[in-house]
Structure formats: C-alpha cells, structure tokens
Amino acid sequence: MASLNKLAIRGIRSFDDKQISVIEFFSPVTVIVGHNGSGKTTIIECLKYATTGDQPPNTRGGAFIHDPKMANEKEVKAQVKLRFHAANGARMLAVRNLSVTVKKTAGLTMKTLESILALADNDSGKGGKRGVISTKCAEMDAEIPQLLGVSKAVLENVIFCHQEDSYWPLAEPAALKKKFDDIFEATKYTKALDSIKALRKDRVAELKTEKERLDGLSREKSHADKLKARIVDLNQSIAAKEVEHDDTKKAYDAIVISNQKFNEYATHFREVYLRVENYNDNIAKIQLDLDESKMNLHEMPGTDEELEAKLKNSDGDAVRNRQKLAMQQSKADTTEGELIAARKQHTELAERQGTFKAEFEAQQERMADREVVIQRTSEKLKIKGFSSGLDSDKVLAFMSKLQELHKKQKATVENLQRESSNKSEEYTRKSAQLSSTLQAFKAQRASLQHQLSKHQSAITLSERQLEATHNLPSELNALNGDIEEKQNRLKKVQAEIAAAKYDERLDEKTASTKLLEERRDVLNSEFKSINMQSDARAKLQVYRNTAKAKTAEIKTTVSTANIGFRRLVGAEPHPDTMEREVDRVQVEKEHELAALEEEASSTNGVLHQAQSLLSSLKIQLKSKKEELKGLDKRLKTDLEADSLEEALVEAGNEVDVRKNLASIDAGSSKVYDALLKIGKQKKVCTACNRHMDEHELVVFEKSLKDQMKKSSPESLASIREELQEWQAELTKLQNLRPVLIARDRLKDIEVPELEAKIKEQDAKIPSASAAAELVRLCSIFHPIPSAR
Ligand SMILES: Nc1ncnc2c1ncn2[C@@H]1O[C@H](COP(=O)(O)OP(=O)(O)OP(=O)(O)O)[C@@H](O)[C@H]1O
C-alpha cells in the first residue's frame, strides 16, 4: 500500500523561499493543526501539486508561489519535494520547481522549472541519475498516481480536494456524474465503449465491403458458371452445326445434282420453246396462207370423191397438228413449271450461298481473332516468329510450342509449389522456433524483472533497516556488504542480460522473420502469376481446340469451294493467290455477263425489230392484198374482155362507128333513094360513076337500102343511144386503166415484194429468237464466282 513519507516546501504561499520546511507523515495518521492562515491548506495544496501537478484554483499568474514583494525579491524560486512509498513498495521521490518573476509592469510571470521523479535511493540522493524515471511534468503527472495506486481523479477530488472544490458532491448532475466517472474510472470504460462502437462501425463497414466483395465474387462465379454453361452450349451448338453442315452439304450436293438436271431441263425446255415458237410461226403462216387461200379460193380440179378424200386427209392432218400442238403446249407448260421450280431452287441456292458466305466471313473474323490472340500470346510469352503471316502450319507450330511451354511451365509451377510448400513449412517451423525462443526470452525477462524487483524490495528493506539501525554500524556494514553483493549480483545479471544480447538477437530474428515473410509474399505473388498463366494456358487450350475445329470446318468448306474454284478458274487453288484469282475470274465473268446482257438486249432489240417489221409487213401485205382483191373485183366487174386494151379499142371503134352513123342526117336517105332510083334505071352508081351489072346492082340496092334504113330517124335515135352507151363504156374502160395499172403493180411488184420480205423476216426471226433466248439463258445461268 502506498504511503506518504515526507514533504518539503520552499517558497509556496506563506512558506518562505529561503528555507525548506519539512513535514513528515506518520502511520497510521498525521494530524495537522494550526491557526487560521498558518498554512494548513497550503500543505494539502502542495501535496496535490506534488502528486498531480495541479495548482489550486484561482492561482494563475503565480499566486501559488510566495509573493516576491513579501520576500522583497524580484524573483522567487519555489520547490515542493515529496517522498513517498509507491504501491509496489518502492521508495519514490518527486520534486517540482517553480519560479515567479516580477514584471516591469508590476505583474508576475510564473515559470515551471525542472521536475524529477526518481527512485529515492542513495545515489539519487547524491545527485546521480540512476533512478530517475522521468523529468517531464506530463509524464510525472501520469506516473505518480499510478505509483500511488490511486487515480488522479481520486487524488484531486477525494484525497487532496481543495476546500474551495469540496462542494462538488452538491454540484449539478452532469458535473457530478463527470466527477464520479472520473473517480471510478468509468471514463476509460466509456472511452472503451466508444472505441468498441467505433471499431464495431469500422468492422461493420469492413463487413459491408467484404459482403460486397463476396457478392461481386459470387456474381463473377455465377458469370463464370454461365460462361462454362455457354461454352458447353457452344460446343453442343458447334457439334449441331457440324451435323447441320453435313446435312447442308448433302443437301447442297443434291441441289447441285438437281441443278444439273435443271440445266438439262432448261436446255430441253429451250429446244421445246424454240420448237413451239417455230410451230406458232408455222401456225401463223398456215393461218395466213389459209386466209389467203380463203381469199383466193379457186375450184380444185378433180372429182368430188377425190376432193372429199383430200378434205378428209387435210382434216386429219389438221387434227393431228392440233393434237401435236396441244401436246407441245402442255410440254411447254410443264417445262415452264419446271423452269419456275428451278428458278425458285436457284434463289434458295443463292440464299444458301449467301449464308455460307456469311459463315465464311465469320470464320475469317474468328481466324483473324485467333491470329491476334496468337500474336498477343506470342508477344506475352516472348515466342518469336509468330508476329505475322500465320498460316495453318505456323498455327500448328505455335500450338506445339505452346504445349511445350505449357509442359515447362507446369513443371516449373510444380517445382515452385513444392519449393513454396517446403519454404512455407520451413518458415512455419522457424516461426514456431522463434516464437518459442521469444516466449522463453520473455519468460526469462519476466523472471529477471521479478528478481530485479525482489532485489529492489530487498534493497528498500535494507535501506529501512539501515535507517532503523543507525546505531548498528556492524549490521550496517553487513547489510552494506549484502547490498553490495546483491548489487553485484544485479550488475552480473544485467551484464548477463547485456551479454546475451537478447534484444539484438530478437531484432535479428524479427528481421529474419520479416525477410522470410517478404520471401513468402514474393513466392505467393509468383504462385498467383503462375496460376494466372495456367488459367491463360487453359483458355488458350480451349481457343486451340476451337481453332482446330474451325480449321477442320474451313478445310471442308475450302475443299467444297475448291471444286467450284477449279471449275471457274481452271487451275488448282492456292491460298495466297486464290482470292485474287477468284476476284479476277469474277471481274471477267461480270464483264462476260455484262457483254451477254448487252448482247441479249441488242438481240432482243433485233428480234423485236424483226418481229415488228414482220408484223408491219404482214399488215401491209394484208392491206395490199385486200386492195388487190378490191381492184380485181372491180376489174372483173367492169371489164368483160380479157384485155383492157382490146376492150378499149373495140369500144373506141364502136364509138367511132356510132359517131359516123350518127353524123348521117335525115336528108341522106333521100340521096340514097335518088341514087337507088338512078342506079336501077341506069345501072350506074352516080356517086362514083361506075357501071353495075345485075348482081352488083342487087348488092348496090341492098347496101343503099341498109343505108337508108340506118339513116332513118328511129335508126338514128337508136344509134345515138348506142353511141352514148359506147362512150360511157369507153370512159369506164379508160377509168379502169389506172385501176389495172395499180392492180398489176400490186400483183406483180408490191405483193411479191412484201411476201419476199416477210419470207425473209420469217427466216430471220427463229434464229434471232433462238439467239435472244440463248443469250438470256446464258445470262441467267452465267456463273459469277465470289472471292468469299
Ligand atoms: N502569495 C502569498 N505570499 C505570501 N503569503 C501568502 C500568499 N498567499 C497566501 N498567503 C498567506 O498564506 C496564508 C494562508 O494560509 P492558509 O490558507 O494555508 O492557512 P490556514 O491555516 O489553512 O488557514 P485557515 O485555517 O483559515 O484555513 C495566509 O496567511 C496568507 O496571507
């Protein structure tokens, strides 16, 4: 238990600064008695100041120190010295020094001077520094209450409570609680609680972060699971695609065969189509001929039986021809249907070709990705020779190199893992050894400290005994010898401790532990990086497998495409030149197609021109024939004779005759009568003075009578009528001349010319039609390769 021993006061309040006043405290109680103002309170204040460092209330500015005015000094130095027994029995000495100086402005300046807390042994008494524990006020303020085993609050508020502060139990609840908290040291528990709360808050925040991290990790894990599932799905899908590819290939082969069949059908259809067109043309011609024949119907020679037989035969032929035509028509319809189906098939094939192209493009992209991955991996793993131009051989070489590297890395990882585990074991073992050594050192130090405290208590005891036995020098000497011996032993033990260099060894071990921990960290980071590399290699393996499958797929596709390549390019495909060759052939084929389309357009133009010319010629011919028919009809109607010229001559003669006859007037009959009478009488013709015999006279008489008849008024009227008729006939015949000329021109020139032209065009059209159809089919089935 702690106890106060002595208090020495100098220069505090009413205590003089020139001499030291010593108060000794006795056990079990010390009573301080004195007059008012004699200094009792000052003693308590000095005890409080010595133990806690707190000056009494309202003593700022040096009021606690003896007044310099009273001392008649400009500076007063004060000292409070307390010797006490600590709770552990140690004899301690606490010295605190103060000074106060009179200011020029009549105020005081207070200073806290040197303070010492030391073991109150002999050496310290001689000014040695051996037992000094602290010289700092703050440390002393904390140390002394600990040494006394009482809290500062108890010292302040209970033991050395100033009379001015002694009313605190009547203070307000908050202040009272504070005091109680301080006295019962609840503050540290409150602080501990606050600290626990703060720690809890930190831990909750950490927990939250960890939870979030855990959530993130679980999310990543679920993502990884999903990725795994996706990989499985993709593998399944790849397998399904391969199966689909096989099916598609089979379907493609079947389509190629059906395409060939379609080509054959198309060729056949073209032939049939041309034949049908020819038949149609023939039918048209026959129709025209029939129309013409109908127009120019003439009586067929032969008997009725023969004609009937002919007619029957012709009907049979027509029926057969119609049947043939119907068959051809149905064939044409069938072929048209096949053509539509084939075109549909062609479209589907083109779509499939597009799909294959898209897949091929995707494959190319994947290959490009693979190349990038290989390049990055080669750069990362420092494998030379794979930065560019990665063909399949190089890729395989890269894979084999990676496998080798993987094996090496695996072996290295295993070695490192073994090494790491060995080192870890070694580290654990050494750490355990060091821990045990440390524990041993600690135990040793504790026992030494125990011994030391024992020795110190023995010294204290000895000192007490020494003090108590001043009159026993012999005992003192013995005790001194004992003390010396113990001190020697203490020194020896301390020297042993120093010689053992436990601290240095401990430092060494700590440094070695630190080194081992650093090494372990390095190994752990290496292990982590190796694990990452292992992951990367696993990923690479997956990529490699994918690339392998894709390469096989590409090979199959390429081998299929190679057939088409050979067919189109006419050479063996080579990966370096393949695309260029296909591009070149594509350009060529596109040119050819353009030329074919141009040709088709020009051929179609020619065909359409020929067909329109033919139809126009046919229309012209038809109109000419109709015109000719009309002219013929008119000629037949208006011209009875075979020849118009003869008819004209005849009509002219008739008109002339009638004109001559009509010119004979009525008086001429009297002339004929007189001539007849004279001739009968004289047998002489008075008109020509020629003699006539009887026979001649008969003829003369008959002729004159005819003339007389003709020159009769009735006869003349009739002649005039006839003249008019013949003149009308002549006019009509003269009007027929241009008709005849026109008909002859039509018949002999225009119609034959038109017929010849139509024949010529007829002959041209099938070839033009066939050419146009051929060009059209060529342009439809013209293969254009694609570089993809
Ligand atoms: N700074 C100072 N310098 C000199 N003397 C002082 C100073 N301050 C106080 N005093 C004197 O110290 C004395 C105070 O002593 P103190 O209060 O300790 O006496 P006391 O015995 O406790 O009295 P009471 O029984 O009345 O409480 C007074 O006489 C006062 O005049």
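All values derive from a computational prediction rather than experimental measurement. (Residues numbered from 1 in each chain as written. Predicted model: local features only at pLDDT ≥ 70, side-chain atom pairs only at ≥ 80, totals over all residues. Heavy atoms only, no water.)

### Some details on the overall build of the chain
Counting secondary structure elements, the chain contains 16 helices and eight strands. Put simply, of all contacts in the chain between residues at least 6 apart along the chain, 67% involve residues at least 24 apart. Carbon and sulfur atoms make up 54% of the accessible area of the chain, which amounts to about 52300 Å² in all. (Helix = DSSP H or I, 4+ residues; strand = E, 2+ residues; numbered from the N terminus. Contact = heavy atoms within 4.5 Å. Areas by Shrake-Rupley, 256 points an atom, 1.4 Å probe, with all protein chains shown as cover.)

### Considerations on the site of the ligand
Taken together, the neighbourhood of the ligand is formed by 15 residues, with Asn36, Gly37, Lys40, Thr41 and Thr42 sitting nearest. One of the backbone nitrogen or oxygen atoms of Gly39 is found 3.0 Å away from an oxygen atom of the ligand. Ranked by residue count, the leading element in the shell around the ligand is helix α1 (residues 40-52), at three residues. When grouped by side-chain class, the residues that make up the shell around the ligand number three nonpolar, nine polar and three charged. (Near = heavy atom within 4 Å. Polar contact = N/O pair within 3.5 Å; in protein donor to acceptor, adjacent residues only side chain to side chain. Nonpolar A, V, L, I, M, F, W, Y, C, P; charged D, E, K, R; others polar.)

### Regarding the sheet that holds strand β2 (residues 21-24)
Reading across the sheet, the six strands line up as β2-β1-β3-β4-β5-β6 and stay open at both edges, with antiparallel pairing between neighbours. Every other strand in the sheet has two partners, leaving β2 and β6 (132-134) as the edge strands with one partner each. The sheet shows a mean angle of 20° between the axes of neighbouring strands, taken without regard to direction. The sheet contact formed by strand β5 (residues 108-119) and β6 spans two bridges and is antiparallel. Residue pairing in the sheet places Leu117 in a bridge with Ser134 of β6. Where α1 meets the sheet, it contacts β1 (3-10), β2, β3 (75-85), β4 (91-102) and β5, and its direction lies at approximately 110° from that of β4. (Pairing = 2+ DSSP bridges. Axes fitted to C-alpha atoms, helices over the stretch in contact; angles between N-to-C directions.)

### Considering the UniProt feature "coiled-coil region" (unreviewed entry) in the chain
Sequence positions flagged by UniProt for "coiled-coil region" (unreviewed entry) are, in local numbering, residues 399-503 and 607-634. The distance separating the terminal C-alpha atoms of residues 607-634 is 39 Å; by composition the span is 100% helix and 0% strand. (UniProt positions renumbered as here; feature names shortened; annotations may be inferred.)

### Observations regarding the nonpolar core
Within the largest apolar cluster, 32 residues are counted, with the highest numbers of intra-cluster contacts made by Leu7, Ile9, Ile12, Phe84 and Leu117. Among the elements of the structure, β1, α1, β3, β4 and α4 (137-148) are those that each provide at least two residues to this core. When sequence neighbours within four positions are dropped, the list of residues in contact with Ile9 reads Phe15, Gln19, Ile20, Ser21, Ile23, Ile43, Cys46 and Gln79. Core analysis: the next-biggest nonpolar cluster, separate from the first, contains 31 residues, Leu635, Ala647, Leu723 and Ile765 among them. (Core = buried A, V, L, I, M, F, W, Y, C linked by side-chain atoms within 4.5 Å. Buried < 20%, exposed > 50% of the residue type's maximum accessible area, 1.4 Å probe, protein only.)

### Notes on empty space enclosed by the protein
Applying the stated criterion across every chain yields a total of one cavity of 30 Å³ or more. Estimates place the volume of the largest cavity at around 30 Å³. Lining the largest cavity, in full, are Leu274, Glu277, Asn278, Asp281, Pro766 and Ser769. Of all the secondary structure elements, the ones that give two or more residues to the lining of the largest cavity are α7 (186-295) and α16 (713-780). (1 Å grid on protein atoms, 1.4 Å probe; cavity = no way out; pocket = protein on both sides within 12 Å on 5 of 7 lines; lining within 4 Å. Points joined across faces, edges and corners; volume = space filled by probe spheres on them.)

### Focus on helix α15 (residues 694-710)
If you check α15, its first and last C-alpha atoms are 24 Å apart, about what 17 residues at 1.5 Å a residue would give, namely 24 Å. When we look at burial in α15, the residues that qualify are Leu697, Phe700, Glu701 and Leu704. In an axial view of α15, the angular spread of the buried residues amounts to 100°, which keeps them on one side of the axis. Exposed residues pointing more than 90 degrees away from the buried face of α15 are listed as His695, Val698, Lys702 and Lys709. Packed against the buried residues of α15 are α14 (668-682) and β7 (684-685). Near the N-terminus of α15, the side chain that reaches the backbone nitrogen of His695, with its oxygen 3.3 Å away, is that of Asp693. (Expected span 1.5 Å × (residues − 1). Arc of directions from axis to C-beta.)

### Some details on the pairing of β4
Judged by how many residues are buried, β4 sits mostly within the fold: nine of twelve residues are covered. As judged from the eleven bridges shared by β3 and β4, these two strands associate in the antiparallel manner. By the bridge assignment, Gln79 is partnered in β4 with Asn97. In the sheet, β4 pairs with β5 via ten bridges, with the strands oriented antiparallel. In the sheet register, Leu93 faces β5, and the bridge partner there is Ala118.

### A short note on a negative patch on the surface
Judged by side-chain charge, Asp304, Glu305, Glu306 and Glu308 come together as a negatively charged surface patch. Considering the arrangement of structural elements, one finds Glu308 in helix α8 (residues 304-381). (Patch = residues over 30% accessible without salt bridge, like charges linked within 9 Å, V, L, I, M, F, W, Y side chains within 5 Å. Salt bridge = Lys/Arg side-chain N within 4 Å of Asp/Glu carboxyl O. Lys, Arg positive; Asp, Glu negative; His and termini not counted. Charge placed at Lys NZ, Arg CZ, Asp CG, Glu CD.)

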